[in-house]
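# Geometric and topological summary
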Amino acid sequence: MGWGLIRLYAIAVYAFMFLPVAVVVLLSFNANQFGSFPMTGLSLRWFEALWNNDAVMRAFRTSLVLGLMTAVISTTLGVLASLALVRYDVPGKNLITTALIAPILVPEVVLAVALLLFLNWLGIGKSFALLLAGHVIFTLPFVILVVQARLVSIRRDVEEAALSLGASPVQTFFSVTLPLLMPAVAAGALFAFTISFDDITGTLFWKPGGVETVPTQIFSMLRNSISPEINALGTVMILLTVGLPLLGAAIARSLSTKRGR
Amino acid sequence: MSIERREARQPWILLSPALGAVALLLFVPLLFIVVYSFWLRSATGADTTGFHLDNWIKALSDPFYRYILLNTLKIAAITTVLCALLGYPAAYFIARSKGNKMILLLLLMLPFWISYIIRTMSWINILGASGAVNTGLMALGVISEPLQMLYNEAAVILGLVHFLLPFMVLNVYVSLEGIDTNLEDAATSLGATRWQSFLQVTLPLSLPGLAAGGLLCFVLGAGTYITPLVLGGPRDAMFANLVFEAIITQLNWPLGSALSLLLLMVLGVLVAIYNRYLGMAQLAKGLG
């Protein structure tokens, strides 16, 4: 098989991945009343409709708050655990790592059911607290994987130098380790936020009646028919979930090149 | 002595919040639904505790459930094979490209960041009655009535392939990157054609990545219920849809527990087989 053929094949795969998404973005600017083909012109009316749609705006706020809280909690737990796993000789390290990664090895539906039934039995029914607990537990493995990979590359001697110069372990952590770890912390937090913001599988099990996140809002709007408003909402989501990590990566990159000089 | 003891305690202090969360929010709940699956649903509200096998008998012997389980495994298998066929050459192209690999990889990973529900519903714009394909074909005069391409099993598989392909590409790419290209050159210089050296050197060495990608595609594909709800018809339910129905619609939590555990066990066997032969390290490589 020639290289040219492989390249052609790869381009086709890229097109397969991107075209449907591109069509969502394209149709969100559609002036046509029904939001379908053929397009009759370009317009921002569907974005305006979105802005004035209370249910959508409420869902946005819910997703935002949930995502931020998930990111903070998940990243805190993940950084602490990664520090222990990378910096200390913990007995049973492999077993512990597997246990911490377990939430992504269990199918999300099963995790969703187990958490719902157990917390309900403890007296915590479908609520924001349940949603938050669920989002934290399945974003945690991703944070740990990202932070651990980064932590391995930070040299131990910098910390030891600080310690030998009289800094306490806590001081060392905050003035030496944490600044070096910042890109990993940011990446972990961003990862957790995006996964939480996108989740629907668990969220549909955990959300209380009347509360919607952006994905569940889209899902319930789909029940009627596909409207141009959904495409507009999709475009906003794409900008958020793709633009934010790209921005984050760009910032991290400029920070690390500055420090490198 | 006391410093040493403190040193030994420190990692556990750091680990305890995360381990506590996983224990309280995953392991204990899983044990809890094992117990719950032996309870009975009662119409009055509180489920009847005790040790009843009814849910398990229903979950294991109901022909409809068995049909859906087999159908789910079939859909997941077809999806995995398609992901491998589409993803392997693409990953090979990225790994052996002389251009900017990182950009190529990032481009293919971008859809990975785009919300699952949006990528799933985007196919309605393509395949729907007034979607891109039908509008195009009608404008060309090829067809006079829109074709019914949505709400069937093929649409579900298409949606799943679109969702899972990045997992396959990333895993295959990671393993291809780890192969010393000198090995291929050595094979060709010893008289093998490029195709032969690929089949006998590169492909076998990249199998761990292919297996890791395949496992992820299969497990994630078999555990989905959103794709069938959005792109499938009423007869295209997958096993996770049964779980959703039992828990959310019928509020039959004991039966829902048994069905969830059945799904966990079926997929768990696959993960265990994978772990036995290839280990979890390969999977972590692809995820990180």
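Residues numbered from 1 in each chain as written. Chains lettered and ligands numbered in written order. Predicted model: local features only at pLDDT ≥ 70, side-chain atom pairs only at ≥ 80, totals over all residues. Heavy atoms only, no water.

### With respect to the overall build of chain B
Stated formally: Strands are runs of DSSP state E lasting at least 2 residues, helices are runs of H or I lasting at least 4, and numbering of each runs from the N terminus. Radius of gyration: over C-alpha atoms. The globule rule applied is 2.2 Å multiplied by the number of residues raised to the 0.38 power. When a residue's accessible area, from a 1.4 Å probe over protein chains only, is under 20% of the maximum for its type it is buried; when over 50% it is exposed; and in between it is partly exposed.
Each helix and strand counted, chain B has 13 helices and 0 strands in total. Going residue by residue from the N terminus, the α and β elements of chain B occur as α-α-α-α-α-α-α-α-α-α-α-α-α. Against the globule reference of 19 Å for 288 residues, chain B gives a C-alpha radius of gyration of 24 Å, more extended than a compact globule. Taking the principal axes of the C-alpha coordinates as reference, chain B spans close to 85 × 75 × 30 Å. Per-residue burial for chain B yields a buried fraction of 52% across its 288 residues.

### A word on helix α8 (residues 169–198) of chain A
Here is the rule we go by: Here, expected helix span is obtained from the residue count minus one, scaled by 1.5 Å. The seven residues ending at a residue and the seven starting there each receive a fitted axis; the angle between those axes is the bend at that residue.
With 30 residues, α8(A) extends just 38 Å between its outermost C-alpha atoms, more than 12% less than the 44 Å of an ideal straight helix rising 1.5 Å per residue. The axis of α8(A) is deflected most strongly, by about 55 degrees, at A:Met182, and proline A:Pro183 appears within four residues downstream.

### A closer look at the nonpolar core
To be explicit about the condition: To qualify as a nonpolar core, a set must consist of buried Ala, Val, Leu, Ile, Met, Phe, Trp, Tyr and Cys residues joined through side-chain atoms within 4.5 Å. Per the annotation, domain bounds derive from an automatic or database assignment of domains. We call two residues in contact whenever any of their non-hydrogen atoms come within 4.5 Å of each other.
Ranked by internal contacts, the top residues of the largest apolar core, which has 169 residues, are A:Phe205 and A:Trp206. Here this core gets 15 residues from one element, more than from any other, and that element is helix α7 (residues 153–177) of chain B. Mapping this core onto the domain boundaries places at least three of its residues in each of domain 1 (1–43) and domain 2 (55–157 + 185–260) of chain A. Setting aside residues up to four positions removed in sequence, A:Phe205 forms contacts with A:Val109, A:Ala112, A:Val113, A:Leu116, A:Lys126, B:Tyr225, B:Val243, B:Phe244, B:Ile247 and B:Ile248.

### Remarks on the side chain of A:Thr194
By the element assignment, A:Thr194 lies in helix α8. Judged by relative accessible area, A:Thr194 falls into the buried class, the value being 4%. Once you skip the residues sitting within four places of it in the chain, A:Thr194 turns out to touch A:Thr241, A:Pro245 and B:Trp113.

### Considerations on the pattern of salt bridges
How we decide: For this analysis, a salt bridge means a side-chain nitrogen from Lys or Arg found within 4 Å of a carboxyl oxygen belonging to Asp or Glu.
Summed over all chains, the structure comprises 6 salt bridges over all chains. Where A:Lys207 meets A:Glu212, a salt bridge forms, and the shortest distance between an N and an O atom there is 3.6 Å. A residue is classified by how much of its surface remains accessible, and A:Lys207, at 13% relative accessible area, is buried. For B:Lys58, the salt bridge is made with B:Asp62, and the minimal N-O distance between the two is 3.2 Å.

### Description of unusual backbone geometry
All names here are of chain B. Phi is positive for tyrosine 151, close to 60 degrees, though the residue is something other than glycine. Counting through the fold element by element, tyrosine 151 comes out in the loop between α6 (132–139) and α7. Residue classification places tyrosine 151 among the partly exposed positions, given a relative accessible area of 44%. Positive phi, normally seen in glycine, also occurs at leucine 251, with a value near 55 degrees. Following the sequence through the fold, leucine 251 ends up in the loop between α11 (239–249) and α12 (253–278).

### A closer look at the packing of aromatic side chains
Geometry of an aromatic ring pair is reported as the spacing of the ring centres plus the angle between the planes. Condition: Centre distance within 6.5 Å is the pairing criterion for rings of Phe, Tyr and Trp, where only the six-membered ring of Trp is used; planes under 30 degrees apart are then read as stacked, over 60 as edge-to-face, and the remainder as tilted.
This model, assessed by the stated rule, comprises 26 aromatic pairs over all chains. Where A:Phe205 meets B:Phe244, the ring centres are 5.2 Å apart and the plane angle is 90 degrees; that geometry is what we call edge-to-face. Here A:Phe205, found in helix α9 (residues 203–206), pairs with B:Phe244, found in helix α11, and the two come from separate chains. Grouping residues by exposure puts A:Phe205 and B:Phe244 together as buried. Considering the side-chain rings of B:Tyr36 and B:Trp39, the 4.7 Å spacing of their centres and the 40 degrees angle between planes classify their relative orientation as tilted. Like B:Tyr36, the residue B:Trp39 is buried in the burial classification.

### What about a nonpolar patch on the surface?
Counted only if it meets this: Candidate patch residues must exceed 30% relative accessible area and have no salt bridge, after which like charges are joined if within 9 Å and Val, Leu, Ile, Met, Phe, Trp or Tyr side chains if within 5 Å. Working definition of accessibility: Shrake-Rupley area with a 1.4 Å probe, residue cover restricted to the visible protein chains.
A surface patch of nonpolar side chains, about 410 Å² in accessible area, is lined by A:Tyr9, B:Ile78, B:Val81, B:Leu82 and B:Leu85. Of note, B:Ile78 is situated in helix α3 (residues 63–96).

### Some thoughts on the domain arrangement of chain A
Domain assignment breaks chain A into domain 1 (1–43) and domain 2 (55–157 + 185–260). Each of domain 1 of chain A and domain 2 of chain A was reduced to a C-alpha centroid, and the two centroids are 29 Å apart.

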